[in-house]
Amino acid sequence: MQFQIIFNPISASELAKMPRELQLNILGEFRGLPQEVLNTNLEHFGKLEREGKILHRFRLGDYRVYFERHDLGVVVHRILSRNTLKDFRFRSGLPVKEDEALQENPKFWELIDSARASV
């Protein structure tokens, strides 16, 4: 079976708004992702859970890619710069690890669910 990296409409839009060189850099970083996803249990990726759904965080330099496993590969839900206001709002002033803070923050899940609703 062929491994696919599926960008939902919001993550595709986020990627399209980036400069071409940055897009190519980010897409290039996905080269090793298929083997990592297929051959591991993703322990070295960030992990966020809610109501039985699991998202993983993949760091690409200054960007965070939030994705989940799918029968065909992975679905990318969001690509956020660590410097954006959206991303900063989730991380600032929280005494727990980044993934734990996001996992407990309903605003983060609204952000993810808005991407799912647009599919």
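Residues numbered from 1 in each chain as written. Predicted model: local features only at pLDDT ≥ 70, side-chain atom pairs only at ≥ 80, totals over all residues. Heavy atoms only, no water.

(A) Main features of the packing of aromatic side chains. For the structure on display, the rule yields two aromatic pairs. Taking 5.4 Å as the distance between ring centres and 70° as the angle between the ring planes, the aromatic pair formed by Phe45 and Phe58 counts as edge-to-face. Highlighted residues: Phe45 in the loop between α3 (33-39) and β2 (46-50) and Phe58 in strand β3 (residues 53-60), separated in sequence by 13 residues. Aromatic side chains Phe45 and Phe67 sit 5.5 Å apart centroid to centroid with 90° between the ring planes, which places their arrangement in the edge-to-face category. Note that Phe45 is positioned in the loop between α3 and β2 and Phe67 in strand β4 (residues 63-70), a separation of 22 residues in sequence. Take Phe45 and Phe67: they sit in the same class, and that class is buried. Joined through ring pairs, the aromatic side chains of Phe45, Phe58 and Phe67 make up one cluster. (Phe/Tyr/Trp six-rings, centres within 6.5 Å; stacked < 30°, edge-to-face > 60°. Helix = DSSP H or I, 4+ residues; strand = E, 2+ residues; numbered from the N terminus. Buried < 20%, exposed > 50% of the residue type's maximum accessible area, 1.4 Å probe, protein only.)

(B) Expanded view of the pairing of β2. Pairing geometry for β2 and β3, over five bridges, is antiparallel. Bridged to Glu49 within β3 is Ile54. Connecting the antiparallel pair β2 and β3 is a turn made up of two residues, with Glu51 showing a positive phi of about 50°. (Pairing = 2+ DSSP bridges.)

(C) Structural view of the pairing of β4. When you tally the buried positions in β4, you get six out of eight residues, the bulk of the element. Alignment of β3 against β4, held across five bridges, turns out to be antiparallel. Opposite Arg57, over in β4, you have Tyr66 as the bridge partner. Turn length for the β3-β4 hairpin, with the two strands adjacent in sequence and antiparallel, is two residues, and the turn residue Gly61 shows positive phi of about 60°. Relative to strand β5 (residues 73-81), β4 runs antiparallel, the two being bridged by eight bridges. By the bridge assignment for β5, His70 is matched with Gly73. Hairpin geometry of β4 and β5 is characterised by an intervening segment of two residues between the two adjacent antiparallel strands.

(D) Focus on the environment of Glu49. Inspection of the secondary structure assignment puts Glu49 in strand β2. Since its relative accessible area comes to 39%, Glu49 is described here as partly exposed. On a C-alpha basis, the gap between Glu49 and Glu100 in space is 9.0 Å, while along the polypeptide they are 51 residues apart. Beyond its immediate sequence surroundings of up to four residues, Glu49 is in contact with Ile54, Gln103 and Trp109. (Contact = heavy atoms within 4.5 Å.)

(E) Just the sheet that holds β3, in detail. Spatially, five strands are ordered β1-β5-β4-β3-β2 in an open sheet, and the strand pairing comes out mixed. What marks the edges here is a single partner per strand, and that holds for β1 (4-7) and β2. The sheet shows a mean angle of 30° between the axes of neighbouring strands, direction not considered. Lying on the sheet, helix α1 (residues 9-16) is in contact with β1 and β5; it crosses β5 at an angle near 50°. Sheet strands touched by helix α2 (residues 20-29): β1, β3 and β4. Its angle to β3, the strand with the most contacts, is close to 120°. (Axes fitted to C-alpha atoms, helices over the stretch in contact; angles between N-to-C directions.)

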